[in-house]
Amino acid sequence: MKYPPTNLTSSLRMLLPLLIGIAVHTQARAEPYLAAREGLQCAACHVNPSGGGMRTEFGDVYAQTRLVAKQLDMGERGLWTGKLNDFLRVGGDLRYDASATDTPHQKRSDGFALQEFRAYGAVDLIDRRLTLYADQLLAPGSSINREAYGLFWWDEHQAYVKAGKLYLPYGLRLQDDSSFVRQATGINFTTPDNGLELGWVGSSWIGQLAVSNGAGGGEENDRGKRATASVAYVQHIWRLGASADYNDAAIGKLEQGGIFAGLDTGPITWLAEADYIVDKSLTPTRKQYVGLLEANWAFMQGHNLKLSAEYFDPDHQVDEDQRNRLSAIWEFNPIQFIQTRVGFRRYDGIPQNDLQNRKELFVELHGLF
Amino acid sequence: MKPQCSLPAAATRQRSRSLVPWRRGFATNPLGLVARYCVARRRHSDGYDSSSRLVSRPHPFAPSLRNLCATVLVMCRLLLSSLCLALGACAGNGDDLDQNGRPISEGGTPDGELTASFQSIQDNVFTPICTQCHAGASAPQGLDLQQGSSYDMIVNVVSQEQPTLARIAPGDPDASYLIQKIAGAAGISGARMPYGCPTSQPCLDAATIDVIRQWVSNGALND
């Protein structure tokens, strides 16, 4: 198949036969603000209907055409859609960082580091219906599997079941695992668990229910299971959702619940999440509050300025122990497949804890396909 | 190459009903997808609003340095004040707390120096650094490093990532997976701990790792 090199409209038209009929099938980590900005559901751009990981072909086209400042001519080959053949699709994500961390009373630490190299693979055994999917972290360290599951869609392509090792469906699936909401809830891209997920992707309503071991991705160590659920109502310029998570573990139960929202106000897209966490693995039981407010400003084509303010109260019964974090990150997609991120984060916590008052500056080169 | 959006007006005006692309109607009207791109593109760059009607006034967020700075300031203010003032969600002043944010009355060590004893490692490393993630029932790899549970989770317990190794093998720091993980040894699976270091937080410094190694060499006692 040949794609006319210089005209997006016609290359998209050539791609449409591919796109039509894809139901779900590749940016590696989720950026929920994009979904909120476009009024789309996670499943539009990600193979994983609850978001994150490999993009769909639509997601690939979107990233190469809509996200970039300048779209380089890809010539005869047309746009990348990750498709190796009718059955196999691949994708990946490489993040390389230069960073400096300034912690009070400590020597400044700085350095270069390969933050991650993830590869995704999806085998579409039955088109639109049955997919086997894997997310493998190849570096740093030796390779470690993050997600590996089978995904089956019912006929109407609204309901699905997923079984295997999966990220749990809870809250905003933010790219930043170190955000307070993702770290305190313990549900992020570093903590997959083994289990089963049922999901519904309607026109406006989406929902997921997962039942898993509750052992943080480790081997099952008790009889209690973990149940995690999330629902959201998605409209063109706003969305509102709620999540709940219950882990019945031998060392103590964990209960958490929260609400999240997205709002698109022209060039600025807002995200918010608030959670309440009850951790009974400690005596006395610890009750925590955590929240995030994020603004994403697409101030020029290919650029995004992400500002976020976060709050964490690690024990509601203890006064004056709360923490804040402020981040400003400039994300620039100069051309397809490349993103640069320059960011600054300021942590603000109790004065006697140095780590809670650190400042970070980082430059990241992010390759995505 | 500048993407072109030369579509018939009718196609551009088409409002999609469903939020899922494959149900947007471009199976019946393949231009639907293209229309969506164009509308979205114009909305951000050319001053069209989301319904793709021409907005007669200039785009209020046209990129200029002044606009950029002003907006960033306003946004920061808005974010901070909504968090801090409206919600009362400012950082704590740490009164009557030890370095880990626990009340001094609980008997923590407010300003303890790191020594090769388990309690000191707990207070100076595990609690302040590792329990950001390794806390509670759902801790990564089932490894809960909170005060009270940590010792039984590590000493002579096999690693989930590399089951041939114990997390802590008393007397043998090189064969202790936890030590390998904090030192970023060559053979580890997954990331060096604390996860995300050195980008999102500092890695443990050589002196700290040495003290923990010393504790393991001394027999990894629960002291």
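Rules used throughout
Residues numbered from 1 in each chain as written. Chains lettered and ligands numbered in written order. Predicted model: local features only at pLDDT ≥ 70, side-chain atom pairs only at ≥ 80, totals over all residues. Heavy atoms only, no water. Helix = DSSP H or I, 4+ residues; strand = E, 2+ residues; numbered from the N terminus. Buried < 20%, exposed > 50% of the residue type's maximum accessible area, 1.4 Å probe, protein only. Contact = heavy atoms within 4.5 Å. Phe/Tyr/Trp six-rings, centres within 6.5 Å; stacked < 30°, edge-to-face > 60°. Lys NZ or Arg CZ within 6 Å of the ring centre and 35° of its normal. Disulfide = S-S within 2.5 Å. Axes fitted to C-alpha atoms, helices over the stretch in contact; angles between N-to-C directions. Parallel < 35°, antiparallel > 145°, perpendicular 65-115°, else oblique. Left-handed = near helix turned anticlockwise from the far one by under 90°. Nonpolar A, V, L, I, M, F, W, Y, C, P; charged D, E, K, R; others polar. Patch = residues over 30% accessible without salt bridge, like charges linked within 9 Å, V, L, I, M, F, W, Y side chains within 5 Å. Areas by Shrake-Rupley, 256 points an atom, 1.4 Å probe, with all protein chains shown as cover. Salt bridge = Lys/Arg side-chain N within 4 Å of Asp/Glu carboxyl O.

Draft legend 1. Spotlight on the side chain of S179(A). Residues and elements named next belong to chain A. Looking at the secondary structure, you find S179 in the loop between β5 (159–166) and α5 (180–185). You can call S179 buried: its relative accessible area is 2%. If we ignore the near neighbours within four places in the chain, the residues touching S179 are L174, E310 and R325.

Draft legend 2. Quick peek at the packing of aromatic side chains. Summed over the entire model, instances satisfying the criterion amount to 15 aromatic pairs over all chains. Relative to W238(A), the ring of Y233(A) lies with its centre 5.5 Å away and its plane at 50°, an arrangement referred to as tilted. Exposure remark for Y233(A): the relative accessible area of 25% places this residue in the partly exposed category. We classify W238(A) as partly exposed; its relative accessible area is 37%. Taken together, the ring pairs in this structure connect F118(B), F126(B), Y151(B) and W215(B) into an aromatic cluster. The ring of Y149(A) has K162(A) lying over it, and the distance from NZ or CZ to the ring centre is 4.9 Å. Seen from the ring of F180(A), R325(A) lies directly overhead, with NZ or CZ sitting 6.0 Å from the centre.

Draft legend 3. How the structure looks around the state of the cysteines. A full pass over the atoms with the stated rule returns 1 disulfide over all chains. Paired through a disulfide, C197(B) and C203(B) show a sulfur-sulfur distance of 2.1 Å. Judged by the sign of its S-S torsion, about 95°, the cystine formed by C197(B) and C203(B) is right-handed. In this structure C197(B) comes out as buried when scored by relative accessible area, which is 12%. Lacking any disulfide linkage, C42(A) is separated from the closest cysteine sulfur, that of C45(A), by 8.9 Å. Note on C133(B): no disulfide assigned, nearest cysteine sulfur contributed by C130(B) at a separation of 8.9 Å.

Draft legend 4. Local environment of the packing of helix α4 (residues 118–126) of chain B against helix α7 (residues 206–217) of chain B. Residue and element names in this part refer to chain B. Running from N to C, α4 and α7 cross one another at 150°; their axes reach a closest spacing of 10 Å. With respect to each other, α4 and α7 are oriented roughly antiparallel. The interaxial crossing formed by α4 with α7 has left-handed handedness. Residues F118, I121 and V125 of α4 pack against T208, I212 and W215 of α7. By residue class, the composition of the contact of α4 with α7 is 5 nonpolar, 1 polar and no charged.

Draft legend 5. Looking closely at helix α4 (residues 57–65) of chain A. Of all 9 residues in α4(A), 9 are buried, a share of seventy percent or more. Taken as a whole, α4(A) has its buried residues at E57(A), F58(A), G59(A), D60(A), V61(A), Y62(A), A63(A), Q64(A) and T65(A).

Draft legend 6. A look at a nonpolar patch on the surface. All names here are of chain A. There is a patch of nonpolar side chains on the surface, built from L94, Y96, F112, I338 and L365 and spanning about 480 Å² of accessible area. Within the secondary structure layout, L94 lies in strand β1 (residues 88–102). You can call L94 partly exposed: its relative accessible area is 33%.

Draft legend 7. Spotlight on the environment of A35(A). Residue and element names in this part refer to chain A. If you trace the backbone, A35 turns up in helix α2 (residues 32–38). On a C-alpha basis, the gap between A35 and Y347 in space is 28 Å, while along the polypeptide they are 312 residues apart. What A35 contacts, discounting residues up to four positions off in sequence, is L40 and R239.

Spatial relationships are all this shows, so hold off on functional conclusions.
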